[in-house]
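Overview (structure and organization)
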Amino acid sequence: MRPIFAVLACLCLLLAGCGAGAPGDDARTVNPVLAGTPTASPTPETPAGPPGVSGSGVDRRALVSAHENALEGRSLTVEASHRVVAENGTVILDSVRRSRTDGLTQFYRASVTETPYRRAGGRTFDISYWRNDTVTVRRWPHENGSVSVTLDTDLPAQQLFDRTGASTVEALLGGYELRYAGTTSRDGETTHVLTEANAEQPFRPLRSNVSLRALVTEEGVIRPITVSYRTTEYRTPARARAAFRVTNVSDTVVPRPPWVDEAFAEDE
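Thresholds, definitions, all that
Residues numbered from 1 in each chain as written. Predicted model: local features only at pLDDT ≥ 70, side-chain atom pairs only at ≥ 80, totals over all residues. Heavy atoms only, no water. Pairing = 2+ DSSP bridges. Helix = DSSP H or I, 4+ residues; strand = E, 2+ residues; numbered from the N terminus. Axes fitted to C-alpha atoms, helices over the stretch in contact; angles between N-to-C directions. Contact = heavy atoms within 4.5 Å. Buried < 20%, exposed > 50% of the residue type's maximum accessible area, 1.4 Å probe, protein only. Phe/Tyr/Trp six-rings, centres within 6.5 Å; stacked < 30°, edge-to-face > 60°. Lys NZ or Arg CZ within 6 Å of the ring centre and 35° of its normal. Arc of directions from axis to C-beta. Core = buried A, V, L, I, M, F, W, Y, C linked by side-chain atoms within 4.5 Å.

**Some remarks on the sheet that holds strand S6 (residues 123-131)**
- If you walk across this open sheet you meet the 11 strands as S8-S7-S6-S5-S4-S3-S13-S12-S11-S10-S9, and the pairing is antiparallel. Of all strands in the sheet, those with a lone pairing partner are strand S8 (147-152) and strand S9 (178-186), marking the two edges. Averaged over all pairs of adjacent strands, the angle between their axes in this sheet comes to 10°, without regard to strand direction.
- One ladder, built from four bridges, connects strand S10 (residues 189-196) with strand S11 (residues 207-216); its direction is antiparallel. Residue pairing across strands places His 192 opposite Val 216, the latter belonging to S11.
- Across the face of the sheet, helix H4 (residues 258-267) comes into contact with strand S5 (105-114), S6, strand S7 (136-141) and S8 while running at roughly 115° to S7.

Printed below as a string of structure tokens:
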């Protein structure tokens, strides 16, 4: 039994010696990395997104309002197009609307060609408006080749394309379940990407294979929107594509066509 007690005693002495330092030294050694109070690293801030846009969803009304407010009073060019082509290649609808605005001066042109399913032939409209703060001049070519130019100080503003295109944005995005899809960068500008959450439309049985993409700036300006889908809305299988874009912000010059001056001269 004595040898066992001797071994145990030696072990106790060895273990006790492990915690002791040399004379004059600290009783323990502290890792220099852990010395002092640890400082937490700052959490990177998430960049603020456009108004109405968050990771949890998109408030369409807030976004459209931000778009309108951000562009109000600035010169800009807005273009909206809508094209529907049947599977057999027939162009059912081809519409292009363009507005150039600087302050209260605006030049708007709408060119629309349609081949309704009710008629074999198509119709083409090519209507232009020029206006300032006091008068609106409308140019409307007729099918017989004649052209009428009307000067009107009381033409309701709602007959024209709104200056920022907000109503078109509302119509294009309305009814879709938008989701946030991160950011993208082009020409040094970072924009936020919105897409449609569902390719199939349970509440729009005439539309399928929907693809929607919109790019939004930090202040809420929706620069481009593209929407494409298959449709049977025209009683025949077709492919539709609608687009919207804003360009030349704060750098748009509004043209004044010759027929505007001619209308003023005739009115004198």
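Read on, since the account is not over.
**Here we look at the environment of Thr 153**
- Among the secondary structure elements, Thr 153 is positioned in the loop between S8 and helix H3 (166-173).
- On a C-alpha basis, the gap between Thr 153 and Val 137 in space is 8.5 Å, while along the polypeptide they are 16 residues apart.
- With near-sequence residues (within four places) excluded, Thr 153 lies in contact with Thr 134 and Val 135.

**Looking at the environment of Ser 81**
- Take Ser 81: it is sitting in strand S3 (residues 76-86).
- Accessibility expressed as a relative area gives 23% for Ser 81, which makes it partly exposed.
- Sequence spacing of Ser 81 and Ala 242 is 161 residues, and the spatial spacing of their C-alpha atoms is 5.6 Å.
- Ser 81 has contacts with Ser 95, Val 96, Arg 241, Ala 242 and Ala 243, leaving out every residue within four places of it along the chain.

**Some details on the packing of aromatic side chains**
- All told, the structure shown has four aromatic pairs when counted by the stated rule.
- Seen in terms of ring centroids, Phe 107 and Trp 259 are 6.4 Å apart; in terms of plane orientation they differ by 50°. Their pairing is tilted. Here Phe 107, found in strand S5, pairs with Trp 259, found in helix H4; they are 152 residues apart in sequence, far enough to count as distant. Both residues of the pair, Phe 107 and Trp 259, count as buried.
- Measuring from centroid to centroid gives 5.6 Å for Tyr 108 and Phe 161, while their planes differ by 20°, and the two rings are stacked. You can see Tyr 108 sitting in strand S5 and its partner Phe 161 sitting in the loop between S8 and H3, a full 53 residues away along the chain.
- Note on Phe 161: relative accessible area 4%, which makes it buried.
- Linked through ring pairs, Tyr 108, Tyr 129 and Phe 161 together constitute an aromatic cluster.
- Above the ring of Tyr 229, the side-chain terminus of Arg 207 is found at 4.3 Å from the ring centroid.

**Observations concerning the pairing of S6**
- Where S5 lies against S6, nine bridges are found, and the strand directions are antiparallel. Bridged to Tyr 108 within S6 is Tyr 129.
- As paired elements, S6 and S7 share four bridges and run antiparallel to each other. Looking at S7, one finds that Arg 131 is bridged to Thr 136.
- Linking S6 to S7, which pair antiparallel, is a turn of four residues.

**Description of H3**
- Along H3, the residues that are buried comprise Ala 166, Thr 168, Val 169, Leu 172 and Leu 173. Buried positions in H3, seen along its axis, are confined to an arc of 160° and lie on one side of it.
- In the stretch just after H3, Gly 175 is the one whose phi turns positive, near 90°.

**Structural notes on the nonpolar core**
- In terms of nonpolar packing, the biggest core is built from 41 residues, with Val 169, Leu 173, Tyr 176, Ile 222, Ile 225, Phe 244 and Val 246 touching the most fellow members.
- With residues up to four places along the chain from it excluded, the contact list for Ile 225 reads Val 169, Leu 172, Leu 173, Arg 213, Ala 214, Ala 242, Ala 243 and Phe 244.
- In terms of nonpolar packing, the next biggest core, distinct from the first, is built from eight residues, Phe 107, Trp 130, Val 135 and Val 137 among them.

**Quick word on the side chain of Ser 128**
- Looking at the element boundaries, Ser 128 is found in strand S6.
- On the basis of relative accessible area, Ser 128 is assigned to the buried category, the value being 6%.
- Residues contacting Ser 128, with those up to four places away along its chain left out, are Phe 107, Tyr 108, Arg 109, Val 137, Arg 138, Arg 139 and Trp 259.

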